[in-house]
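Results of the structural survey
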Amino acid sequence: ESMKRVMIETVREFDDIELNVFVGDLGQGLLLAQHNFYNDHDIIVSRGGTASMLQEQLDLPIVEIEISPLDILRAMRIGGIISNNYAIVGFPNITGNAQVVGQIIDSEIDVFSISGADDVEMALMEISKGSAHAILCDMVAYTTALRFGLNPILIKSGRECIRNAFLRARQLYYTHQELREENRFLRSLIWKHINHTVVFDEDGDIFFSTLGTNNEPIVSYLRSERGREIQGDSCHMIKQISNVRYSIRMTKGYFSQKEYTIY
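With that out of the way, let us pick up the pairing of strand E8 (residues 206–209). Pairing of strand E7 (residues 198–200) with E8, which is carried by three bridges, proceeds in the antiparallel orientation. Note on E8: the bridge partner recorded for Val199 is Phe208. From the end of E7 to the start of E8, which pair antiparallel, there are five residues, and Gly204 there has a positive phi angle of about 85°.

Structural data, given as structure tokens:
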């Protein structure tokens, strides 16, 4: 909730960002994103384990709000005098800077990196056996630690980290926008070309076509020819199909580690 307030205040610096803020952890965040975000949003800004889960489950670009060493030091200050008896528990993108902080204050911090919510209780049980003065953690571990009667301190992302996330989101959006415009321009050139173009993916599905309909006999023929081995960069053939004489040139193309057959 406290990050929501800071995000709303910080986004006022950007007159080209429309921000909607939802509060939720892990599964809650994923459920919100799956039901609400695709039609109305370009980019998701999130943090910690929720950001990691969203990156695995969604196709929308995810920009992560980072946790800086300064954020961890601030959390330590909230816990009282900085001492040598701290443990930190959270996803790797939360705990990653703990060693840097340890070097700054010249002490060891017990780090417990988790990969899912199921790991939290085990990590906290291990911490409770030690002599940790306080537990620094993200929201997932924080709520569990409270149930365990432990002394958790929530690591909050500072305004500067939130602002940097907005800056990266803007840059990502405008870069994608430029690529979309370029893609639209190149497609329009192909459409205006006198010849037709048909591209099949590895599964034989049409990836791109300038034909008026993909039910024409030529499409079935091209699909059946897709597995043909060609010598060199391309091959050329003359084929009569349904009383229409075609001049066909075939090439292979590769994009994102996948092979495409281009006619």
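Having seen the structure, we can now continue with the description.
Right, let's talk about helix H6 (residues 98–105) for a bit. Buried within H6 are the following residues: Ala98, Val101 and Gly102. All buried residues of H6 fall inside an arc of 105° around its axis, so they share one side. Of the exposed residues in H6, those oriented more than 90 degrees away from the buried face are Gln99, Gln103 and Ile104. Residues of H6 that are buried sit in contact with helix H4 (69–78), strand E3 (86–90), helix H5 (92–95) and strand E4 (110–113). Phi for Asp106, located one or two positions after H6, is positive at around 55°.

It is worth spelling out the pattern of salt bridges at this point. Using the criterion set out here, one finds eight salt bridges in the structure. Across the salt bridge formed by Arg159 and Glu9, the nearest N and O atoms sit 2.8 Å from each other. Remark: Glu9 occurs in helix H1 (residues 2–10) and Arg159 occurs in helix H9 (residues 159–192); sequence separation between them is 150 residues. Relative accessible area serves as the criterion here: at 37%, Arg159 is assigned to the partly exposed category. The exposure class of Glu9 is partly exposed, given its relative accessible area of 28%. A salt bridge links Arg170 to Asp16; the shortest N-O distance between them is 2.9 Å. Here Arg170 is found in helix H9, whereas its partner Asp16 is found in the loop between H1 and helix H2 (27–36), with 154 residues between them in sequence. Judged by relative accessible area, Arg170 falls into the partly exposed class, the value being 27%. For Asp16, a relative accessible area of 33% gives the class partly exposed. Among the charged side chains, a network of salt bridges with common partners joins Arg5, Glu9 and Arg159.

The rules behind each value
Just so you know, the residues in each chain are numbered from 1, in the order the chain's sequence is written. Only residues with pLDDT of 70 or above have their local features reported here, since the model is predicted, and side-chain atom pairs are shown and tallied only from 80 upward, although totals for entire chains, interfaces and linings are computed over all residues. Side-chain numbers here rest on the full set of heavy atoms in the structure, without hydrogens or water. Paired strands are those between which DSSP finds at least two bridges. Counting from the N terminus, the helices are the DSSP runs of H or I reaching at least four residues and the strands are the DSSP runs of E reaching at least two. The cut-offs for exposure are 20% and 50% of the maximum accessible area for each residue type, with area from a 1.4 Å probe on protein chains only; residues under the lower value are buried, those over the upper are exposed, and the others partly exposed. The directions considered for the arc run from the helix axis to the C-beta atoms. We call two residues in contact when some of their heavy atoms are within 4.5 Å. Within this document, salt bridges are pairs made up of a side-chain nitrogen of Lys or Arg and a carboxyl oxygen of Asp or Glu, the two lying within 4 Å of each other.

Read these as layout, nothing more, since geometry by itself doesn't imply function.
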